[in-house]
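A structural walkthrough
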Amino acid sequence: MKKQLEILIQMQKLDTIIGEKNILTKKLPQQLNSLKQSLKDADETVAATKSDFDENLKDQKLKELDIADNNTKIAKYKNQLLTIETNKEYKALNSEINHLEKNNSEIDDELIRLMEAEAELKERLKEEKKAQLKASEDLKANEEKLEKEIQEVQKDIKDLKSKRNVLAKDLPRELIRRYATLIKNKNRKAVVFNDNNACSGCGYSIRPQVVIDIKEGNSVIYCESCGRILVIQL
Ligand SMILES: [Zn+2]
């Protein structure tokens, strides 16, 4: 019986490590995904700002064309002014020239606003490209390492499980089944210890007679509250 308890303790130790490694098998891929996501976000941010920047330059070109167009018209009308005969025609043409000049001055204001925005976008793009480069370097530096760690953890778990299964071969079937159910349902803690006369798994007080039984170690003792296997120490 003492041998069985010793085996159960060894199995629990392995299952505790398996539990820790199981957490890593979730955490490591999350870390890797988070690095990939950061780079994807940075790429998208840069692309969006670049598109705003290109749009801005396109707008500026269009506005410059509008101004040139207006200037051509103004020059033409000013020439016509020289050959005009009636006062009415002169006034109409002059008013058209004024209108075009006012329009040009408005477009000029818009151009200034666009150029200011262009400078801001340029600066923003510079910062965003820096962040993009950093995200890319972070991923490059860690991707291979994390993938290797993930593989190692998976291999470790496989090895630990096979070690545990070898140990289990010396236990009665019923006890293995009970142990496995406890591991599955009781937070991976099947074997717990007497912690100041309380179950270290659930905190339930252990009766004095049971304390003695655990110490003697002549049978497998289960916690009267949580059903876990109680031993003197792990
Ligand atoms: Zn308990």
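A short tour of the structure in this document, coming up. (Residues numbered from 1 in each chain as written. Predicted model: local features only at pLDDT ≥ 70, side-chain atom pairs only at ≥ 80, totals over all residues. Heavy atoms only, no water.)

**Overview of the nonpolar core**
Counting residues in each nonpolar core, the largest one holds 16 residues, and the members touching the most others are Leu8, Tyr179, Val191 and Ile229. At the level of elements, helix H1 (2–83), helix H3 (173–185) and strand E3 (229–231) are the ones that each hand at least two residues to this core. Leave out the neighbours within four places in its chain, and Ile229 touches Leu8, Leu175, Leu182, Ala190, Val191, Val192, Val220, Ile221 and Tyr222. Judged by nonpolar contacts, the second largest core, of 14 residues, contains Leu32, Leu39, Leu139 and Ile150. (Core = buried A, V, L, I, M, F, W, Y, C linked by side-chain atoms within 4.5 Å. Buried < 20%, exposed > 50% of the residue type's maximum accessible area, 1.4 Å probe, protein only. Helix = DSSP H or I, 4+ residues; strand = E, 2+ residues; numbered from the N terminus. Contact = heavy atoms within 4.5 Å.)

**Some points on unusual backbone geometry**
For Asn187, which is not a glycine, the phi torsion comes out positive at approximately 60°. With respect to the helices and strands, Asn187 occurs in the loop between H3 and strand E1 (191–193). Look at Asn187 and you get exposed, because its relative accessible area is 63%. Positive phi is not limited to glycine here, since Asn197 has a value of about 65°.

**Section: the sheet that holds E3**
Ordered by their spatial adjacency, three strands build an open sheet running E1-E3-E2, and the pairing between neighbours is mixed. Both edges of this open sheet fall to E1 and strand E2 (221–222), since each of them pairs with a single strand only. With two bridges joining them, E2 and E3 adopt antiparallel strand pairing. Bridged to Tyr222 within E3 is Ile229. (Pairing = 2+ DSSP bridges.)

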